[in-house]
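# Examination of the molecular architecture
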Amino acid sequence: ALTTRLPAAHSLTEIEMEASCLELALEGERLCKAGDFKGGTAFFEASVQVGTEDLKTLSAIYSQLGNAYFYLKEYGKALEYHRHDLTLARTIGDRIGEGKASGNLGNTLKVLGRFDEAAVCCQRHLDISQEQGDKVGEARALYNIGNVFHAKGKQQLWGCTQDPGDLPPDVRDTLQRATGFYELNLCLVKELGDRAAQGRAFGNLGNTHYLLGNFVEAIKFHRQRLSIAKEFGDKAAERRAYSNLGNALIFLGQFNTATEYYRKTLQLSRQLKDQVMEAQACYSLGNTYTLLQQYERAIDYHLKHLLIAQELTDRVGEGRACWSLGNAYVSLGNHRQALHYARKHLDISREIGDRNGELTARMNVEQLMEALGVNESDLSPCGSEFEVQGMREISFYGSTLNLYFQNSQELDSISRRSKSQQSQPSRGKGYPDSQSSDERQWFDSPVDANEITVQVPPPLSRDPSDEDCFFDLLSKFQSSRMDDQRCHLDDPNVENGENGENGGAVSLNEMLALITSPQTEELFDLIVSSQSRRLDDQRVSVSNLPGLRITNNNLGHLCVDTDPQEPSDDFFNMLIKCQSSRIDDQRCSPPEGGPRAPTVPDEDFFSLIQRAQAKRMDEQRVHLPSEEQDGPDSDPSGDSS
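Nothing here was measured: the structure is a model prediction, and the numbers come from that model.

## Some points on the overall build of the chain
- When its secondary structure is counted, the chain shows 27 helices and two strands.
- Here the chain holds 641 residues, and the buried ones make up 40% of them.
- A sequence separation of at least 24 residues applies to 60% of the contacts in the chain between residues at least 6 apart.

Shown next, in the form of structure tokens:
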């Protein structure tokens, strides 16, 4: 706390300046504790502008400012100030402060997805805490390392198609490491009697066991989390525990019990006035009632989810709600209403670029239209991509062509062909000459090819010798520039032409004399001084720390070498890990697993439900006549997004 780090002032001016800096910092701390992080950062920044000579006070300000920016999700600035805090703590030999700064850096790097660097920083926090006998810091470090591996495992798990518990070896290993650190943290906080920390450990152990497919263990830990949340009156933690219990019970087939927990989740979300969590609870209830074959209730909750998603402009959530409503109406035999929501799902999938969702919705629309015996011309516009009658402007490789069609089947076939052509990445926009002969049939009917004149500029003629002349000219100019950067040594013998037939060659004795000349020594001294300045520029200087006023009182602390020993092997291993993550930052990131939605729970959750309950879902579907021709593999009602 800043109040425990009051500096000792030695003059009236120092007292006034220190009081001003501390008053600003303390006001910023008060605002941050009240939840006003934006106002708090303004006061902290002002205190840094005023500056202080007390190094521990400045370190505390850096730490608080980094935490405030972290809560504001300005992670770049949070990283900057936590690094300042780490630099200052190492400079003054504050090991406890160095450990805390390392932990804060680890948390920030974790949020940025730089998990290897985050693990190194959190491990540094753990090592220092154990070295100093700081049990509270040790517990926090264990918890933070568990969080790093937990987040890394969830990122690795994103996009995986394995069944519950059937994880790739690397993902399973990462999650098991997270579980191990959480268990160590739980043992330590039990020893310290920290009930709140125990609740956090129980919740995260439940989450990791859930991802590992250990649903019975997950339920045990989530129930303990729920008990501690009720003990502290933490409604948000209580809501999370109910939701997590419902998710785990789904995979054990206890759907009725799961709905009870989801309803409690919904009730608490409304009490907390959290619309995002309310929408997620409605979505979970809708899918669970679908598994229970209570389709009217499922439709009711999916409609509530749809309304909230529309209010929050969550287009991905709207698409998922429409897809779920379409499936529920199919199960009730109301194919016309199902077609309405299937077409909405198709339009939204096209809008947000969800290719898998678009393919699923297209198949649903085609099968429902076939079951109803209707075609596109019989349907009213639903905000779809194309118009059935009249004129339609089709954008094709940057050109706009006005095409007139009277046959709706012809329009449908051409629109499909346009989609397949535009999805090919090898053809660039604005270059119709790169089209194949099949693609040019677009122009057969409405446009006469004889009326189109393409003007191609003649190729430029160039003499092969011109290129050689160009490089010769370039070489001459560049050589003169290189000569300008060389140091000319004055040799009177060369100037007077006394070398005769040797053509300007210098003997060995002359070269030795040249090297040992005073001018050469001056040249080498100049090189050494310039290179040393370049090395100094790469060193960290405490004078660059914002808000630091260097005086005679703190100059001794800044100049002391706090760690004269050579770095250990652990340091170099840490350096290699950090540098490897920097190399990874330069690689192309893999494609995203799909669009995410704030009003929809964890995307993997109901994808796993569908695979686990595939047979039950098939029994609830109404088999359309088209399935006899297409076969069982053509069922489009799976969750594709």
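## Overview of the UniProt feature "repeat: TPR" (unreviewed entry) in the chain
- The positions UniProt marks with the feature "repeat: TPR" (unreviewed entry) are residues 59-92 and 239-272.
- As a span, residues 59-92 carries 88% helix and 0% strand, and end to end its C-alpha atoms are 10 Å apart.
- Within residues 239-272, the helical portion is 88% and the strand portion 0%, while the C-alpha atoms at the span's ends are 9 Å from each other.

## Some thoughts on the environment of Arg362
- The residue Arg362 is located in helix H17 (residues 355-372) in this model.
- C-alpha of Arg362 to C-alpha of His345: the two residues are 17 residues apart in sequence and 8.9 Å apart in space.
- Once you skip the residues sitting within four places of it in the chain, Arg362 turns out to touch Leu346 and Arg350.

## A look at the packing of aromatic side chains
- In total, this model carries 14 aromatic pairs according to the counting rule given.
- The interplanar angle of 90° and the centroid separation of 6.0 Å between the aromatic rings of Phe70 and Tyr71 together place this pair among those described as edge-to-face.
- Of the aromatic side chains, those joined through ring pairs into one cluster are Phe37, Phe70, Tyr71 and Tyr75.
- Its end group placed over the ring of Phe221, Lys220 keeps NZ or CZ at 4.8 Å from the ring centre.

## Concerning the nonpolar core
- Residues Leu167, Leu175, Tyr210, Ile250, Leu266, Leu285 and Tyr301 are the most contacted members of the largest nonpolar core, which totals 31 residues.
- Elements represented by at least two residues in this core include exactly helix H8 (169-192), helix H9 (195-211), helix H10 (215-232), helix H11 (235-251), helix H12 (255-271), helix H13 (275-291) and helix H14 (295-311).
- Judged by nonpolar contacts, the second largest core, of 30 residues, contains Ala139, Val189, Ala197 and Phe221.

## Comments concerning H12
- Compared with an ideal rise of 1.5 Å per residue, which puts 17 residues at 24 Å, H12 spans 24 Å between its outermost C-alpha atoms and is within 8% of the ideal.
- Of the positions making up H12, those classed as buried are Phe255, Ala258, Thr259, Tyr261, Tyr262, Thr265, Leu266, Leu268 and Ser269.
- Among the residues trailing H12, Lys273 stands out with phi positive, at a value near 55°.

Conventions we followed
- Residues numbered from 1 in each chain as written.
- Predicted model: local features only at pLDDT ≥ 70, side-chain atom pairs only at ≥ 80, totals over all residues.
- Heavy atoms only, no water.
- Helix = DSSP H or I, 4+ residues; strand = E, 2+ residues; numbered from the N terminus.
- Buried < 20%, exposed > 50% of the residue type's maximum accessible area, 1.4 Å probe, protein only.
- Contact = heavy atoms within 4.5 Å.
- UniProt positions renumbered as here; feature names shortened; annotations may be inferred.
- Phe/Tyr/Trp six-rings, centres within 6.5 Å; stacked < 30°, edge-to-face > 60°.
- Lys NZ or Arg CZ within 6 Å of the ring centre and 35° of its normal.
- Core = buried A, V, L, I, M, F, W, Y, C linked by side-chain atoms within 4.5 Å.
- Expected span 1.5 Å × (residues − 1).

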